[in-house]
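Coordinate analysis (summary)
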Amino acid sequence: MSATDETEAGLGGAARGSAASRKSATAGSAAIAAVGVAGRSLVPDRYRGFFQQAMVLATLVVLFVLFASVNPAFLNWPTISSMLLAAVVTGVQALGLCFVIATGGIDLTPGLGMSVTAVVGAQLMVAFHLPMAIGILGCVLCGALIGTVNGFLVAKVKMQPMIATLAMMMVCWGMSLVLSNGTNIYLREIEGYGKIATGHLIPGLPNAVLIFAVLAVVAGVLMGKTSVGRYALAIGSNKEAARISGIKTVRWEIAMYAICGVFTGISGVIMSSRLNQAQGLIGQGYEMYAIAAAVIGGTSLRGGRASIFGAVIGAITIQTIFTGLTFIGVADQWQKVVLGGVVLVAVFIDIMRRGGKEE
Amino acid sequence: MTDMTADRRRPGPPLLEARAVSKAFPGVKALQGVDFAVRAGEVHALVGENGAGKSTLMKILSGLYQPDAGEIRVRGQAVGLPTPLSARRLGISVIHQEFFLMAHLTVAQNIFIGREPKLPGALFLDDRLLNRKAAALLERLGVDIDPRVQVGRLTVAAQQMVEIAKALSFDSSVLIMDEPTAALTQSEVETLFRIILEFVSESAAVVYISHRMEEIKQIADRITVLRDGQLVDSRPAAELEIRDVIRLMVGRVITAGARPEPRSAKADTVLEVEQLSTATLVKSVSFDLKRGEILGFAGLMGAGRTETARALVGADPKTAGRVRVNGQPVKITSPADAVAKGIGYLSEDRKRFGLIMRQDVVRNITLSSLPRFNRFGLLDDHAMNEAAESFCRLLAVKTPSVHQQVSNLSGGNQQKVVLAKWLERDCDILIFDEPTRGIDVGAKQEIYDLLRRLAGEGKSIIMISSEMEEILRLSDRIVVMCDGCVTGVLANAEATQENIMELATRFCHREAGDLNAAA
C-alpha cells in the first residue's frame, strides 16, 4: 500500500481504504502501536521536503554547469546579476501564486494583472501628478483588489478558479488598454522611480533582486510559520475537513487570492520601474512563467503542497534557461520549447519519486 | 474482556439529550419525534437498519443538520447547535466513518488545526509546543504515533486514533462514533475499547453506532434501537440478547401474500459464480442463478453486494474466481465482455453510471447496440427511433417522445430507459443494483411488476436491494452478504426479516482472518 492510497483514505474515501486495510488485517494482527506509518519510502518522512528542495536546487546547478561548459562567459557576475533581475517579476508573482495553488486553486491574472496595476500606478503619478509613494501604493492596492475579486468569485460565488481568473485576466487585459489609452506611459519624469528596480543599494546587486529576496523571506515565513500558510495547505488538503474544524474557509481562501494579488501589484511596480514606463501589454504571458516556476519548484496543482523556496529557484531556473540558451546560441524560438520540456521533466521526476502516482 | 461491563459505572445525569426531535427531507421522514439521552459514564449503542435514522440523529446532535422540531439539551440546558463548531464547543465530538483529516498536514497540525499555539506576539506559530501537546495527547491514548508524520502516510487505524486524539483535545464529554471498528483488526479493536472505557470513566459518554452485535454486547451499557425514523426501544444492554436487538431492528410488518410462488427447482442454471474475490472487499463469493429466477442480494451498507456485481461484470478487477454462463466458463475482464455474454448491469447510481442525462431517450437506449444500426457507416436514425419507440411501449415509459432528454424523466422512467438499453442489447442476465432507489412509491410497484414479467419471460435477474420488503416480495431465493462474504442463501419460503438480518450482521472477516492465517 503506497502513501497515496492512504492519502485518499484520509480525504474521505475511508470506506475504500478501510476495505484495503481490512485485508491486511486478516493477514496478521499487528498492534496499533506498530501500525503508525504504512509503507516506507527511501527518504524519511521528516526530510521529504528538504530532499525535494535539494533536487530543485541540484537541477539549477546542473543547468549552470551545462551552460558554463559550453560558454564560460556565462559565469560572470554581470550576466548573473542581469539574469536575476530578469527573473524577479516571474519570481515575485510565483511567490504569491504559491498561496493560491496551495489551496488547490489557480490564478491566471498575475500577468495581465501586472499590466493594470502598472498602468494604474503610472497614471496616478503622471496624469494626476500624485507623489510616487501614492503611485506605488495605488499599484499594490490595485493588485490586492484584483486578487480579492478573484477570491470572492472562487470562494464565495463558487466559480471554478480557472474560469473565474481567466475571465478576470481578460478584464485586466482590456482595462489596462483602456486606462493607458493604448499608449505607453513614460515614467522618466518621476524622479527616482527607475531606481526602485535598477538602483544599487548594495553595490553590484540591482534593488529589484534585493526586494525579491526580502519578499521571498516574507512569503516563506507566511507559508511556514503563520496561520496563513497552515490554513492554505489545510484547505488544499481537504477543504471540508478544514471547514468542519472551524476554520473560516471562505474568508481564508479569499485572503489567499488577495495575497497573490498584492504580489502581482508589487511585480507591477518592479516591472514599470525597470522599464521606466507602463503600457497595456507588458504582462502578457507572465502568468504562465509564474505557474511554471511554482510547478518546477514542487508545488502541487492539486493543492496541499507548496514550496516558497522551490518557487524562487523555479523562477531563477526559467530565466537561466532563457539566458543560457541565448548564450550558447540557441535561437529565441526554441527557448520556450525547451522550457516546456523542463516543466514536463520536473513534474515527471516528481511523479516517479512518489511511486508513479500523482498526489 | 466480556465482563468489562459487569460492575462498571452507574450512569450519571444526562449529558446530551434529544427530545421529540423530528427531521424530514423531501419525500422522507428521517426522524419522527425521537427521544434519546446519553448519560455520563455510559457507552450508548445506537442501532438500526439502513435508513433507520441513525446518521440523521447523529448529524443533528453534532450540529450538521438542524431539527425541524424538538429540542437538544446539553447537561440539562436547551441549546441550539447551528454548526459543528458550536457542538464541539459544548463538548460534543463526532468521529465519522469517513475521516475529516487533511492528508498533507502532520498529525499534530491536524489535531490542533484552527487552534494552533502561537509564539509570544501571536504572530508566529509555535510548532514545538504544538508537537509537544500532540505527543502528550497521543501518549494519553497509549498509541505510538509520531506527531510530525503526515497523516496521509498513516494506516486507517492510526488515522482513526488521530481523529480520537483530536476529539479529546477539545475536552469533549460526548464522543459520537460511527462504525468505529469497520477498518480495524481485532487487536486494534481492543485498543479502541480500552480507550473508550477509559474515556467514559472520566464522567464522559460515548455514542456507539454499529451493526456489529458482538461488539455492542461487549462494550455497550445501553442500547437504543431506531426503525424508520422512530424510536423503538432503549434499554440497558444487559436486558437484551442479540436476537432481541435484531427483532427490534426489523420488526416492520410486511403484507402477507405478496411473496412469489415457489418455483420448481428444475430450471437450468444460467450463471455460476465460484470463489469470486476482489482486492478490497469481496471474499470468495459463490452463488448460482437459474433461468427465470429473481435472486435477491440482501445485506447492510458496505456488505460488498455492489462490489460483487461490479467485479462480476468486469467493472472492477477480480483477484480470483470463476464464472460460467450457461455452463460455459467465460472470462470477463471488462463490462464489454459481460455485455457480449448477455450480462447487463444496472447501476445503483443511474445518473453517474447508467444514463447520459443530457441526451435523449433514443440515444440512451441504442448506445450499447450502435453497431446494429449501422448502415454503410452511417447510423440509421429511423431504425433507432423505431426500436426506442417499441421499447417505450413495451416498458410503458412515460415520455412525450423518444426525443425527450432523459434528465427530464422521472426516476422510474429513467430506470426503464436503462433497462431498455440492456434489453435492446439482448441481455438475458440482468443485474439490478437498488432498482427502486430514488423512485416514488407508485412507480416502485410498476418496476416490481416489470421485474416479475421479465423473469416470467425467461430473463434471469439478480436484484441487489437494501429494502427488506423488496427482497422478500420479489426474490425466489435470497443471498445474504456481510463484510464481503456470503453468509447464507435462503429460499423465499424460509426467509424472514429476522433471519436475513441475523445473517447480514454475521461479521465473518476476523474469524476468517484467523483461518487464513492458520492455512
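Residues numbered from 1 in each chain as written. Chains lettered and ligands numbered in written order. Predicted model: local features only at pLDDT ≥ 70, side-chain atom pairs only at ≥ 80, totals over all residues. Heavy atoms only, no water.

1. Details of the side chain of N413 of chain B
Residues and elements named next belong to chain B. Operational definition: Working definition: helices are DSSP H or I runs of at least four residues, strands are E runs of at least two. Numbering for both runs from the N terminus. Whenever a nitrogen or oxygen atom comes within 3.5 Å of another N or O atom, the pair is scored as a polar contact, on the condition that within protein one atom can donate a hydrogen and the other can accept it, and that pairs from neighbouring residues in sequence are kept only if both atoms are in side chains. Any two residues having at least one pair of non-hydrogen atoms within 4.5 Å are treated as being in contact.
Tracing the backbone through its elements, the reader meets N413 in helix α14 (residues 411-424). A distance of 2.8 Å separates a polar atom in the side chain of N413 from the backbone nitrogen of K398. Discounting residues that sit within four places of it in the chain, N413 has contacts with A396, V397 and K398.

2. Points about a nonpolar patch on the surface
Residues and elements named next belong to chain A. Which entries qualify depends on this criterion: The patches reported here contain residues having more than 30% relative accessible area and no salt bridge. Joining distances are 9 Å for like charges and 5 Å for nonpolar side chains (Val, Leu, Ile, Met, Phe, Trp, Tyr). Here the open area of atoms and residues is found with the Shrake-Rupley method and a 1.4 Å probe, where only the protein chains shown may cover a residue. A pair is scored as a salt bridge if a Lys or Arg side-chain nitrogen falls within 4 Å of a carboxyl oxygen belonging to Asp or Glu.
A contiguous nonpolar patch, built from F51, M55, V345, F348, I349 and M352 and spanning about 530 Å² of accessible area, is present on the exposed surface. Elements supplying a minimum of two residues to the nonpolar patch: α3 (48-70) and α15 (332-353). Among the elements that take part in the nonpolar patch, α15 stands out by supplying four residues, more than any other. By the secondary structure assignment, F348 is in helix α15.

3. Some remarks on the sheet that holds strand β4 (residues 69-74) of chain B
The strands that make up a sheet are held in pairs by hydrogen bonds between backbone atoms, and each pair lies either parallel or antiparallel. Residue and element names in this part refer to chain B. Selection criterion: Following DSSP output, two strands are said to pair if at least two bridges run between them. The axes are straight lines fitted to the C-alpha atoms, using for helices just the contacting stretch, and the angles between their N-to-C directions are given from 0 to 180°.
Across the sheet, which stays open at both edges, the four strands sit in the order β2-β1-β4-β5 with antiparallel pairing between neighbours. In this open sheet, the two edge strands, each paired with only one partner strand, are β2 (28-39) and β5 (77-79). Recorded for the sheet is a direction-independent mean angle of 25° between the axes of neighbouring strands. Pairing geometry for strand β1 (residues 14-25) and β4, over five bridges, is antiparallel. From the neighbouring strand, E17 faces β4, where its bridge partner is R73.

4. Some words on the nonpolar core
Short version of the rule: To qualify as a nonpolar core, a set must consist of buried Ala, Val, Leu, Ile, Met, Phe, Trp, Tyr and Cys residues joined through side-chain atoms within 4.5 Å. A simple rule labels every residue: compare its accessible area, found with a 1.4 Å probe on the protein chains alone, to the largest value its type can have, and call it buried under 20%, exposed over 50%, or partly exposed in between.
Counting 110 residues, the largest nonpolar core has I223, L430 and I500 of chain B as its most contacted members. Considering every element that reaches this core, the biggest residue donor is helix α5 (residues 156-169) of chain B, with nine residues. Apart from the residues lying within four places of it in its own chain, the contact partners of I223 of chain B are H44, A45, V47, I216, D233, S234, R235, A237, L240 and V245 of chain B. Within the second largest apolar cluster, 103 residues are counted, among which are C260, I266, V269 and A293 of chain A.

5. Examining the domain arrangement of chain B
Which entries qualify depends on this criterion: Each domain's limits were defined by an automated method or a database of domain assignments.
As assigned here, chain B comprises domain 1 (2-91 + 171-250), domain 2 (99-166), domain 3 (263-342 + 428-519) and domain 4 (352-422). Computed from C-alpha coordinates alone, the two centres of domain 2 of chain B and domain 4 of chain B are separated by 53 Å.

6. So, the environment of T198 of chain A
All names here are of chain A. Secondary-structure assignment places T198 in helix α8 (residues 195-198). For T198, a relative accessible area of 35% puts it in the partly exposed group. Along the primary structure T198 and V347 are separated by 149 residues, whereas in three dimensions their C-alpha atoms are 34 Å apart. Here the side chain of T198 touches G194 through a polar contact of 2.7 Å, landing on its backbone oxygen.

7. Some remarks on the sheet that holds strand β6 (residues 92-95) of chain B
Residue and element names in this part refer to chain B. The strand order across the open sheet formed by six strands is β6-β7-β8-β3-β9-β10, and the pairing between neighbours is mixed. Looking along the sheet, the strands with just one partner apiece sit at the ends: β6 and β10 (230-236). Neighbour-to-neighbour, the strand axes of the sheet open up by a mean angle of 20°, direction not taken into account. Those strands touched by helix α8 (residues 242-250) are β3 (43-47), β9 (222-227) and β10, and its axis lies near 25° from that of β9.

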